Amino acid sequence: IAALTTESKNLSSNGFVKIAGGLVVQWGRVGSVSAGDTVNVTFPTAFTSATSYGVSATAAGNGSVANITAQNATSMTLRGSSASTSTIYWVAAGY
């Protein structure tokens with residue numbers, strides 16, 4: 001398999017990589033989210049539309065859960081669902 005060529009990238013803790021052909025993979029984390037709190041996450045780079053990507057989020061800690069309550073091409077809203085304050089890690093991939 002030929003090596004993947006990246007068109008652009010930001011390899012920070014909230015970053016992304018755009019792969020030749022159009023695929024975009026983004027990741028990040030949000031700290032100190034309590035149960036029931038919501039937080040808006042702005043993607044490091046925009047997707048082409050709200051339906052052009054999939055996203056997964058998880059909260060660190062014992063039985064911690066994170067829910068995605070809204071999303072569009074440039075951001076998403078996460079809600080902490082654990083009994084304690086936790087850090088939420090997320091990853092999104094699409095075009």
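Scroll up a little and you will see the structure.
This text gives an overview of the structure that appears in the document.

So, how was this worked out
- Residues numbered from 1 in each chain as written.
- Predicted model: local features only at pLDDT ≥ 70, side-chain atom pairs only at ≥ 80, totals over all residues.
- Heavy atoms only, no water.
- Helix = DSSP H or I, 4+ residues; strand = E, 2+ residues; numbered from the N terminus.
- Buried < 20%, exposed > 50% of the residue type's maximum accessible area, 1.4 Å probe, protein only.
- Contact = heavy atoms within 4.5 Å.
- Areas by Shrake-Rupley, 256 points an atom, 1.4 Å probe, with all protein chains shown as cover.
- Pairing = 2+ DSSP bridges.
- Axes fitted to C-alpha atoms, helices over the stretch in contact; angles between N-to-C directions.
- Core = buried A, V, L, I, M, F, W, Y, C linked by side-chain atoms within 4.5 Å.
- Phe/Tyr/Trp six-rings, centres within 6.5 Å; stacked < 30°, edge-to-face > 60°.

Attention shifts here to the overall build of the chain. When its secondary structure is counted, the chain shows zero helices and eight strands. Scanning the chain from its N terminus toward the C terminus, one meets helices and strands in the order β-β-β-β-β-β-β-β. A buried classification covers 32% of the 95 residues belonging to the chain. A fraction of 57% describes how many contacts in the chain between residues 6 or more apart in sequence connect residues 24 or more apart. For the chain, the exposed surface amounts to about 5,200 Å²; the carbon and sulfur share of it is 52%.

With that settled, consider the sheet that holds strand β2 (residues 15-19). Taken in spatial order, the five strands line up as β1-β2-β3-β8-β5 in an open sheet, and their pairing is antiparallel. What marks the edges here is a single partner per strand, and that holds for β1 (6-10) and β5 (53-59). Averaged over all pairs of adjacent strands, the angle between strand axes in this sheet comes to 10°, irrespective of strand direction.

Moving on: the nonpolar core. Core analysis: the largest hydrophobic core is formed by 15 residues, its most contacted members being F43, L78, I88 and W90. Elements supplying a minimum of two residues to this core: β3 (24-33), β5, β7 (75-80) and β8 (86-94). Non-local contacts of F43, meaning those with residues more than four positions away in its chain, are made with Q26, Y53, N72, A73, T74, S75, M76, W90 and A92.

Tallied over the entire structure, the rule returns four aromatic pairs. A ring pair is formed by F43 and Y53, whose centres lie 5.2 Å apart and whose planes are at 85°; its orientation type is edge-to-face. With F43 in the loop between β4 (38-42) and β5 and Y53 in strand β5, this residue pair connects regions lying 10 residues apart in the sequence. Accessibility classification places F43 together with Y53 in one group, the buried group. For the pair F43 and W90, a centre-to-centre distance of 5.5 Å together with 65° between the ring planes defines the contact as edge-to-face. Here W90 lies in strand β8 and F43 lies in the loop between β4 and β5, a separation of 47 residues in the sequence. W90 gets classed as buried once you look at its relative accessible area, which sits at 4%. The structure contains a cluster of three or more aromatic residues connected by ring pairs, namely F43, F47, Y53 and W90.

Fair warning: the whole summary comes from geometry, so function is off the table for now.
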